[in-house]
Amino acid sequence: MRNVLTYVLSITPVAFLIVFLAVVIRVYGIDALSGPSQLVLIFSTGVAALIAMLHFGKKWQELEAEINRAVGSIGSPIVILLLIGLLSGTWMVSGVVPMLIYYGMQIINPHVFLITSCLISALVSVMTGSSWTTVATIGVALMGIGKAEGFSDGWTAGAILSGAYFGDKMSPLSDTTVLASSLCGTPLFTHIRYMTITTVPAFTITMVIFLVAGFLVPSSALIDTSAFTTALSSKFNLSLWLLLVPVATGVMIYKKMPAIIVLFASSLTAIAFAAIFQPHVLAEVSGMTAKGVANVHPSAIVLFKGAMECSFGSTSIDSGFAPVNDLLATRGMAGMLNTVWIILCAICFGGVLKASGMLANIVSLVIPFTKTRVGLVASTVVSGIFFNATAADQFLSIMLNSSMFGEIYKKEGYEPRLLSRSIEDSSTVTSVLIPWSTCGMTQSTVLNVPTLTYLPYCFFNILAPITSILVAAIGYKIYRVSKE
């Protein structure tokens, strides 16, 4: 039996991380992910390394070897994240995302406003891979529509966030989706397909609730959304031929092609379509011609620079309507660097905890609750919510959760996709429900709705962890693999 001091020292680096993160988030707010949180992880790694060498008798070479191994294991995920940045920029500039948003906005009606808001937010989030981008752009527009139609802020924000986090969870472009699948050793599209088992029921129930609520809440006059759609249609050539890009991407996904190939091929296709359908937008992005010049076809060098700019860097497109300008802004591959940065720092922290044996000590505290299938999944879900509330960041929650339970799932003979799904069913979707977390602070600030006001109406975010446990209790498509 390990002594109490060993347990206390094993937990100390995690406690240090949690306390230090709380201070950083208090000081920096939503900017905490731009460097402060990464620095906290490095300091926490130092604390863990010091304890490992002084108390557990580990040599630095042992700790460094594990860090090198862990960092090497995330090479492909980092490439995928960078390609996601590439894809988000090219899909936006090519007009694919604006087209989907444009036609989605056409179906808004007072009685189906809540369910429509949820569906539009889900669609945009799947296309962009970012709940934050969705909420900060189309979400803000939908909040204004909701106010005009007589819906309370809680209902409208709940519909937006339910859709946005459904899309974030299910999109192959989402950094949290890539992170969860890669850390657990689950192929990306296998992970996404397996999540449908718990996610689709939760989202279906959510849509039914919003549909019924839409007819129960009286609405005022119809709101004019023409400013939003006009800005999109006047800036982009919204040809239905652009649908070939997502259709081709869907075919590649269906064929189970590797994620890196799918993302890269889809990005190249989008660049080609941008040159054909949106040459004036590429010219504007390039900065080499006057903005909005659509009558003169840009030269090849201008198109080349525009394609390069939207692929690797930040772009801004002037549509003449500020909310749409925010939606059209992209960050390209460079926009993923903060995420890569925090992943590398967290991997170093987890590597030291694992090499020192401290992680095994922490895991031993929860093993009694993981003897059954339901207990194991429930422990993972509860742990994800706990880390969201303590580490105050979904990335850290995902990484800490995967580190804690990875060996347990393997030892019990369960497929890694069960672990990756359980983590996403908790860490990803509940982050926005924590008022002091980066997600909670960001979304409440952007929507101007307190977290506790929208929390009761985020039905998908509440139901997803519950359905995860219920499916585990039923045992549907949960299999054991042969133990190695």
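Our subject is the structure that appears above.
**Student:** Whenever I open this one, the overall build of the chain confuses me. Can you help?
**Tutor:** Helices and strands together make up the secondary structure of the chain, namely 24 helices and zero strands. With an accessible surface of roughly 19400 Å², the chain has 69% of that area assigned to carbon and sulfur atoms.

**Student:** Just checking my understanding: could you explain the packing of aromatic side chains for this structure?
**Tutor:** Centre-to-centre distance and the angle between the planes together describe a pair of aromatic rings. Overall, the coordinates contain 12 aromatic pairs when judged by the stated rule. With a centroid separation of 6.2 Å and an interplanar angle of 75°, the aromatic rings of tryptophan 155 and phenylalanine 210 are classed as edge-to-face. Placement of tryptophan 155 in helix H8 (residues 153-170) and of phenylalanine 210 in helix H10 (residues 188-216) is noted, with a sequence separation of 55 residues between them. Across the pair, phenylalanine 210 and tryptophan 155 agree in class, each one buried. In textbook terms, an aromatic cluster arises when at least three aromatic residues are bridged by ring pairs, as seen for Trp155, Phe210, Tyr457 and Phe459.

**Student:** Honestly, the environment of alanine 346 in this entry has me stumped. Any pointers?
**Tutor:** Relative to the helices and strands, alanine 346 is located in helix H17 (residues 337-356). Overall, the relative accessible area of 8% leaves alanine 346 in the buried class. With 54 residues separating them along the chain, alanine 346 and leucine 400 place their C-alpha atoms 8.6 Å apart. Setting aside its immediate chain neighbours within four residues, alanine 346 contacts Leu41, Leu396 and Met399.

**Student:** Explain the pattern of salt bridges to me, please; I cannot follow it from the model alone.
**Tutor:** Oppositely charged side chains can form a pair if their charged atoms are brought close together. Scanning the entire structure with this criterion turns up four salt bridges. A salt bridge links aspartate 425 to lysine 169; its shortest N-O distance comes to 2.7 Å. Residue aspartate 425 is located in helix H21 (residues 416-430), and its partner lysine 169 is located in helix H8; the two are separated by 256 residues in the primary sequence. The residues aspartate 425 and lysine 169 share a single accessibility class, namely buried.

**Student:** Can you help me understand unusual backbone geometry in this one?
**Tutor:** Despite not being glycine, lysine 477 has its phi angle at roughly 55°, a positive value. Tracing the chain through its elements places lysine 477 in the segment after helix H24 (459-474). Residue class for lysine 477 comes out partly exposed when judged on its relative accessible area of 38%.

What counts and what doesn't
- Residues numbered from 1 in each chain as written.
- Predicted model: local features only at pLDDT ≥ 70, side-chain atom pairs only at ≥ 80, totals over all residues.
- Heavy atoms only, no water.
- Helix = DSSP H or I, 4+ residues; strand = E, 2+ residues; numbered from the N terminus.
- Areas by Shrake-Rupley, 256 points an atom, 1.4 Å probe, with all protein chains shown as cover.
- Phe/Tyr/Trp six-rings, centres within 6.5 Å; stacked < 30°, edge-to-face > 60°.
- Buried < 20%, exposed > 50% of the residue type's maximum accessible area, 1.4 Å probe, protein only.
- Contact = heavy atoms within 4.5 Å.
- Salt bridge = Lys/Arg side-chain N within 4 Å of Asp/Glu carboxyl O.

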